[in-house]
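# An overview of the molecular structure
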Amino acid sequence: MSVLPLVFTSGWASGINAYAVVLLLGVFGATGVSDEVPEALQRPDVLIAAGVLFLCEAVADKIPYVDSVWDSVHTVIRPVSGAVVGALLAGQSGSLPDLAAGAVGGSTALASHAVKAGTRMAINTSPEPFSNVVMSTAEDLGVGGLISFAMFYPEAAAIIAAVLLVIGLFLLLFLVSRIRRFWRRRAQRREEKRLAERVGAPPP
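Residues numbered from 1 in each chain as written. Predicted model: local features only at pLDDT ≥ 70, side-chain atom pairs only at ≥ 80, totals over all residues. Heavy atoms only, no water.

Helix and strand counts for the protein chain come out as 6 helices and 0 strands. Start at the N end of the protein chain and walk to the C end: the helices and strands fall as α-α-α-α-α-α. Across the 204 residues in the protein chain, those meeting the buried criterion constitute 43%. A separation of at least 24 residues holds for 75% of the contacts in the protein chain among residues at least 6 apart in sequence. (Helix = DSSP H or I, 4+ residues; strand = E, 2+ residues; numbered from the N terminus. Buried < 20%, exposed > 50% of the residue type's maximum accessible area, 1.4 Å probe, protein only. Contact = heavy atoms within 4.5 Å.)

Here's what the structure looks like:
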């Protein structure tokens, strides 16, 4: 059986939470749930590092504006992680060239990361912080659930990931105008505040 569905699903999930993907795959491989997981992801040091970074992301991802900074830092990390995981999965099964698997995993991770980062920017235009917590929790549960599902039904999980990716991209296109308006208004308010401070400043 081709490992492509698992590569695609793990790529989508890596764009949302790369550390959760590495941690889950490593645990599933180490416990014998799946033979598709390469040894490199099952190493104790990899699992510990992924677990610590997952906890860091679980906190940062729920704080308004901090989540967007975290997403900016991970613009490179998540696609690279998706590509590496995809290549490792392909190398383990031997049913797909490593380079092709890396391209699928990396590009899918980049697309889902763009959806995640754009959605968070739109959510941060709201003054209340609860939507960030709800969205972050939903993303973590979605990644965990879909990766777990992919261990047993990789084709079905890949279809779900593809549908979620398409919906997310359309949603991102819808939110782009809102994000732009928010940043324009914010820049305008800063300029007005700066001008007001100049006018109110005492003469030299």
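Time to look at the nonpolar core. If you look at the biggest cluster of nonpolar residues, it comprises 28 residues, and the most contacted ones within it are Val3, Trp12, Leu25, Val143 and Ile147. Going through the elements one at a time, helix H1 (4-30), helix H2 (44-60), helix H3 (66-93), helix H5 (130-152) and helix H6 (154-200) are the ones with two or more residues in this core. Top contributing element to this core by residue count: H1, with 10 residues. (Core = buried A, V, L, I, M, F, W, Y, C linked by side-chain atoms within 4.5 Å.)

Before going further, it helps to examine the packing of H1 against H2. The N-to-C vectors of H1 and H2 enclose an angle of 145 degrees; their axes lie 9 Å apart at closest approach. Of the two possible hands of crossing, H1 and H2 adopt the one that is left-handed. Between H1, through Ile16, Asn17, Tyr19, Ala20, Val22, Leu23, Gly26 and Val27, and H2, the contact on the second element is made entirely by Val46, Leu47, Ala50, Gly51, Leu53, Phe54 and Glu57. Along the lines of polarity and charge, the residues of the contact of H1 with H2 split into 11 nonpolar, 3 polar and 1 charged. (Axes fitted to C-alpha atoms, helices over the stretch in contact; angles between N-to-C directions. Left-handed = near helix turned anticlockwise from the far one by under 90°. Nonpolar A, V, L, I, M, F, W, Y, C, P; charged D, E, K, R; others polar.)

Another aspect to go through is the packing of helix H4 (residues 98-123) against H5. Relative orientation of the contacting elements H4 and H5 amounts to 160 degrees, with a least axis distance of 10 Å. On the basis of the axis angle, H4 is roughly antiparallel to H5. In terms of crossing hand, the pair formed by H4 and H5 is right-handed. The residues of H5 that touch H4, namely those facing Lys116, Thr119, Arg120 and Ile123, are Ser131, Asn132, Met135, Ser136 and Glu139. (Parallel < 35°, antiparallel > 145°, perpendicular 65-115°, else oblique.)

This next bit is on the side chain of asparagine 132. As for its position among the elements, asparagine 132 is in helix H5. Sequence-distant contacts of asparagine 132, defined by excluding residues within four places in its chain, comprise Asp61, Lys62, Pro64, Asp67, Arg120, Ile123 and Asn124.

An ideal rise of 1.5 Å per residue puts 39 Å on 27 residues; H1 reaches only 21 Å between its terminal C-alpha atoms. Along its length, H1 reaches its greatest deviation from straightness, about 130 degrees, at asparagine 17. (Expected span 1.5 Å × (residues − 1). Bend = angle between axes of the 7 residues up to and from the residue.)

Enumeration over the complete set of coordinates arrives at 1 aromatic pair. On the basis of an interplanar angle of 40 degrees and a centroid distance of 5.2 Å, the ring pair of phenylalanine 149 and tyrosine 153 is categorised as tilted. Classification of tyrosine 153 by relative accessible area gives exposed; the value is 51%. (Phe/Tyr/Trp six-rings, centres within 6.5 Å; stacked < 30°, edge-to-face > 60°.)

The subject of this paragraph is H5. Between its first and last C-alpha, H5 extends 34 Å over 23 residues, near the 33 Å set by a 1.5 Å rise per residue. Turning to H5, its buried residues number three or more, namely Asn132, Ser136, Glu139, Asp140, Val143, Gly144, Leu146, Ile147, Ala150 and Met151.

Another aspect to go through is the layout of surface pockets. A volume near 350 Å³ is recorded for the largest pocket. Lining of the largest pocket is provided by 16 residues; of these, Trp12, Ile16, Val115, Met135 and Glu139 occupy positions nearest its centre. Contributing elements (two or more residues each) for the lining of the largest pocket: H1, H4, H5 and H6. Along the lines of polarity and charge, the residues of the lining of the largest pocket split into 10 nonpolar, 4 polar and 2 charged. The volume enclosed by the second largest pocket comes to roughly 200 Å³. In this structure, the second largest pocket is lined by 13 residues; those nearest its centre are Val22, Leu41, Ser81, Val84 and Val85. (1 Å grid on protein atoms, 1.4 Å probe; cavity = no way out; pocket = protein on both sides within 12 Å on 5 of 7 lines; lining within 4 Å. Points joined across faces, edges and corners; volume = space filled by probe spheres on them.)

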